[in-house]
Structure formats: C-alpha cells, structure tokens
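Inside the fold
Chain residues, written in single-letter form:
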Amino acid sequence: MKLGLHYWNYSEPADPSRIAPTLAETARIVDDAGFYRFTVMDHYFQMEHRGTADEPMLEGYTTLGYVAARTERLRLGLLVTGVMYRYPGLLAKIVTTLDVLSGGRAFLGIGASWYEREQRALGVPVVPMGERFERLEESLQICRQMWSEDNGPFDGRHYQLAETLCVPAPLSSPRPEIMVGGGGEKKTLLLVARYADACNLFAVSPEDVAHKLDVLRAHCDAEGRDYDEITKTAVYTDRVLEDPDGFLAAAEKYADLGITELQFMPDRDPVEFATRLTGEVIPRLG
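Since the structure is predicted, the reported quantities are computational estimates derived from the model, not experimental observations.

Thresholds, definitions, all that
Residues numbered from 1 in each chain as written. Predicted model: local features only at pLDDT ≥ 70, side-chain atom pairs only at ≥ 80, totals over all residues. Heavy atoms only, no water. Helix = DSSP H or I, 4+ residues; strand = E, 2+ residues; numbered from the N terminus. Buried < 20%, exposed > 50% of the residue type's maximum accessible area, 1.4 Å probe, protein only. Lys, Arg positive; Asp, Glu negative; His and termini not counted. Salt bridge = Lys/Arg side-chain N within 4 Å of Asp/Glu carboxyl O. Contact = heavy atoms within 4.5 Å. UniProt positions renumbered as here; feature names shortened; annotations may be inferred. Right-handed = clockwise from strand over helix to strand, strands pointing away. Pairing = 2+ DSSP bridges.

It is worth spelling out the side chain of Arg-132 at this point. One can find Arg-132 in helix H5 (residues 129-146). Within the buried set, Arg-132 has no salt-bridge partner at all; the shortest N-O distance to an opposite charge, 4.5 Å, is to Glu-116. Excluding anything up to four places from it in sequence, Arg-132 contacts Val-83, Met-84, Ala-112, Ser-113, Trp-114 and Val-127.

As annotated by UniProt and renumbered to match this structure, "domain: Luciferase-like" (unreviewed entry) occupies residues 23-234. Between the C-alpha atoms that bound residues 23-234 the distance is 22 Å, and the span itself is 40% helix and 16% strand.

Of the two faces of strand E2 (residues 37-40), both are covered, the one formed by Arg-37 and Thr-39 as well as the one formed by Phe-38 and Val-40. A crossover links strand E1 (residues 2-7) with its parallel partner E2, the connecting element being helix H1 (residues 19-32), and its sense is right-handed. Two strands pair when backbone bridges link them, and E2 and strand E3 (residues 75-78) are joined in this way by four bridges, in the parallel orientation. Note on E3: the bridge partner recorded for Val-40 is Leu-78.

Okay, the pairing of strand E8 (residues 177-181) next. Within E8, five of the five residues are buried, which leaves it mostly tucked inside the rest of the structure. As judged from the four bridges shared by strand E5 (residues 107-111) and E8, these two strands associate in the parallel manner. Its bridge partner lying in E8, Gly-109 is registered against Met-179. The sheet contact formed by E8 and strand E9 (residues 198-203) spans three bridges and is parallel. Looking at the pairing, Val-180 lines up with Cys-199 of E9. In the classification by handedness, the crossover that spans E8, the intervening helix H6 (residues 188-195) and the parallel E9 is right-handed.

Structure below.
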C-alpha cells in the first residue's frame, strides 16, 4: 500500500515564522521514508469544522512549489483543487508548471468547491451546486485537452477557450494523473468513472468505503469504463498515533477492498507527527 501525508493545518507551531521550516522538515521526513504523495488543501480560510476561519492558511499551489524544491520523490498536488478558484485553462497551466519544475511529480486533484465563507469573503463567485458540477466536468475536459495533442478551441456552456495551447507540455507521461476527490454518489463518482485516473474517499469505515466503491463500479459499468483502471485512494480520518493497532487492522480491511493508497492527516505538530508515524507505525504496516 502506498502512503501519503495530507498537510492541512498551519497552526502548529504557533509562530508564523516557523510555518515554512516546519512544512519543509515534515515533507523531508516523509520523502526520506518513502511516502508516495504529499498534498495540501485548497483553502484560503481554515475550515470551520476543523478550527476557526482566522487560523493560518496558505495558497496551495504556491505551497507545493516550495515543497517541490525541498523534496525529491514525493508526488505533489492539492487534495483537492476547488473548481471555482481558478479558470480551468489557467489551472492546467499551473499544474503543468508544478510538474515541469518538480521533474514530473505533479498530479491534478480536483473537486467541487464548497466553502462559501471564503469564497464570498474573497470575491470568488458562488454558484448553485448543480452549476459547480457542470463547471467541474468542463474543467476536467479542458485539462485533458490541454494535456493532449489538440491545441484547438473549447466551447462549453461555462467556459470558452480560443486555444488550448500548453507549452511546455507536462513531463508526466502521458499527462499528470487526474484524481477526483469526494464521495458524492450521483455526480462525483460518476465523474471519476468518466474522466479520472484515481478517486479519493474519506476512510470513515470499511463499510462506507465498500459502499462508495460499489457505486463507483456501477458508474464504470454504465460508462463502459474499466473499474480496475482507477486507482482507489482514501484519507485515513482516525488518530493513527493514538491507536496504531486499530489502524493496522483497518488498513488490512481497506486493502482487501482495493484501496491501494492511504493518506494521513497530522493531528499535532507536523514534524512530531511525521517522525512518530514513520518511526513507530509505518514499519509495522509491512
């Protein structure tokens, strides 16, 4: 099973001058330990169900550029890009830039943005949920076209591009991996089946993940997509350091379901979390 670290909290340590070195050291630890993926959130305010909106938060792709310069192997992306935060043609260019500068280590994680407080606060258009998913589908189409040999126009309902030129092309071959995040059964998992190389779920319980994967399989059947082509990933939501035995038992169940990658969320100082995770828990996973 591949492993990832999802860096979601910049509040520890409390001194803002320590944000950069803490981020760099955390990424170095998991890079050296052989982790596969390093992700950050696409938020501008901290999520209110995880803290308060006025806690520290960094812009995601700028943060990943910093991490790229301080790591060698980790695949880098947002978990996940909010579709309303960047025009899709520019998003494809941003991910391409990260891919080129990181030596082919970028991926596109994307989903339907939801945090209306930060959107309204910073002037991001807030549109109905149905339109968000329409824009998400068009964004996926645009990114795939930008990363293909087709440099022609794109004429969608919400986005119109006169050209889809992207030079230099990404170093990732045949293009950066596309991961659609979320467990929405009617729309999100349908878009996974249509466009994505990978899905990302919350590992709330093996039973919940099994149900979501059954829904994804049904969408794949309806779309004529090979279910086994899609990489299944999940964010482990429990406190792994407090119950490593519980994690190991759960990881075995998730692996049996076809989950091939688990991401962890630090629940304390990120350097301490990464050090203990890689030193105390991960060696037992084998």
